[in-house]
Amino acid sequence: MISILVSTMTFVLLLVAMFQLLLAMGKSLGAYTLGGYYTVLPWPLRFVSAFSCVVLILIIVVYLSHVQWIPILWLPTTPLLWGIAIFFILNTIANLLSKSTKERRLMTPITAFLVIGTFSLLLIT
């Protein structure tokens, strides 16, 4: 059960990280983020997307460390998972309130899944 959950969450986060990387590279996917205000993100927001990509990769590291798939013994994974869960709750709310229909339909289920998955990981382990 845990391996399926962590593998699925890792895969989803890798997809979202690649999406953020494409946004940072100037691809015209802006309708799926930030309320759909931009087709192509302006330079300052591209840096935000690049930073988001790094944060998502670090979240994967926390998940994998929590289930001891990668040995980072000094990493306090349980409190970090609580912070990650809150982060994804806020993302889900923001996606639900987005003016972009594409963002609401695509990103809301993704972040809601990550909320449920993170809380499940906390409860199971």
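Here's a quick rundown of the structure. (Residues numbered from 1 in each chain as written. Predicted model: local features only at pLDDT ≥ 70, side-chain atom pairs only at ≥ 80, totals over all residues. Heavy atoms only, no water.)

On the surface, a cluster of nonpolar side chains totalling about 580 Å² of accessible area is made up of Ile-86, Ile-89, Leu-90, Ile-93, Leu-96 and Leu-97. We classify Ile-89 as partly exposed; its relative accessible area is 32%. (Patch = residues over 30% accessible without salt bridge, like charges linked within 9 Å, V, L, I, M, F, W, Y side chains within 5 Å. Areas by Shrake-Rupley, 256 points an atom, 1.4 Å probe, with all protein chains shown as cover. Salt bridge = Lys/Arg side-chain N within 4 Å of Asp/Glu carboxyl O. Buried < 20%, exposed > 50% of the residue type's maximum accessible area, 1.4 Å probe, protein only.)

A few words now on the packing of aromatic side chains. In the structure shown here, the tally under the stated rule is three aromatic pairs. Relative to Phe-88, the ring of Phe-87 has its centre 5.3 Å away and its plane inclined at 55°; by these criteria the two rings are tilted. Looking at Phe-87, the relative accessible area reads 37%, which means it is partly exposed. Phe-88 gets classed as buried once you look at its relative accessible area, which sits at 3%. (Phe/Tyr/Trp six-rings, centres within 6.5 Å; stacked < 30°, edge-to-face > 60°.)

The next subject is the side chain of Thr-77. Inspection of the secondary structure puts Thr-77 in helix H3 (residues 77-96). You can call Thr-77 buried: its relative accessible area is 11%. Discounting residues that sit within four places of it in the chain, Thr-77 has contacts with Val-62, Ser-65 and His-66. (Helix = DSSP H or I, 4+ residues; strand = E, 2+ residues; numbered from the N terminus. Contact = heavy atoms within 4.5 Å.)

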